[in-house]
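Listed below, chain by chain, are the residues.
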Amino acid sequence: MASTIDSKLIVRAFLQEVRSGRNPKKAAEYMAETVLAHQMNAENPQTIHRTPQNYAEHIEEFLGLYGRFEFEITELIAENDKVYARWKQTGRHLMEFDGFQPTHLPLVEIASAVYRVENGKIVEYWIEIDRKGVEEQLKRNVEIFKK
């Protein structure tokens, strides 16, 4: 089991380097070969297997959607091998997203995840994203864009 301090340092570095979009290709430095990613959507929770490579591709998709976004860790709490993180991501709506055409207007995503660290690598996480908040922004941005 990883120590609380080690787990927190690993997750902080992962968020700052990889999830922030700065260096997605460094995912293998922080992630195990296969990571269980629990996507905690109330209407359709699912678990997928992530590899460092497909996680990096996932972040590249964010860069296409949001452009070079700002990424701020707003909370980071650790206990034993688990680390809770909450962040705010601010970018621009640059590509079609959930049926909404790009508006190039600001788009903010608030999300949180609990990461489990084992042997110095992230092996599992549970993520929740304020999808309703993103949807409301997209609707508002489309209305602004039409004017």
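Residues numbered from 1 in each chain as written. Predicted model: local features only at pLDDT ≥ 70, side-chain atom pairs only at ≥ 80, totals over all residues. Heavy atoms only, no water.

Next up on the list: the pairing of strand β4 (residues 82–92). Residues of β4 alternate between two faces, with Val83, Ala85, Trp87, Gln89 and Gly91 buried on one and Lys82, Tyr84, Arg86, Lys88, Thr90 and Arg92 left unburied on the opposite face. Of the strand pairs in this sheet, strand β3 (residues 70–79) and β4 are connected by nine bridges, and their pairing is antiparallel. The residue of β4 that forms the bridge with Phe71 is Gln89. Hairpin geometry of β3 and β4 is characterised by an intervening segment of two residues between the two adjacent antiparallel strands and by a positive phi of about 55° at Asn80. With eleven bridges connecting them, β4 and strand β5 (residues 106–118) associate as antiparallel partners. Across the sheet, the residue bridging to Tyr84 is Val114, located in β5. (Buried < 20%, exposed > 50% of the residue type's maximum accessible area, 1.4 Å probe, protein only. Helix = DSSP H or I, 4+ residues; strand = E, 2+ residues; numbered from the N terminus. Pairing = 2+ DSSP bridges.)

Attention now goes to the nonpolar core. In terms of nonpolar packing, the biggest core is built from 36 residues, with Val11, Phe14, Leu15, Trp87, Tyr115, Ile122 and Tyr125 touching the most fellow members. The dominant element in this core, judged by the number of residues it contributes, is helix α3 (residues 52–66), at six residues. Beyond its immediate stretch of four places on either side in the chain, Ile122 contacts Ile10, Val11, Phe14, Tyr30, Met31, Ala32, Val35, Tyr115, Arg116 and Val117. (Core = buried A, V, L, I, M, F, W, Y, C linked by side-chain atoms within 4.5 Å. Contact = heavy atoms within 4.5 Å.)

Taking 1.5 Å of rise per residue, the 16 residues of helix α4 (residues 131–146) would be expected to cover 22 Å, and the 23 Å separating its terminal C-alpha atoms lies within 8% of that figure. Listed as buried for α4 are Gly133, Val134, Gln137, Leu138, Asn141 and Val142. Tucked inside the fold, the buried residues of α4 contact β5. (Expected span 1.5 Å × (residues − 1).)

Function cannot be inferred from these measures alone, as they are strictly geometric.
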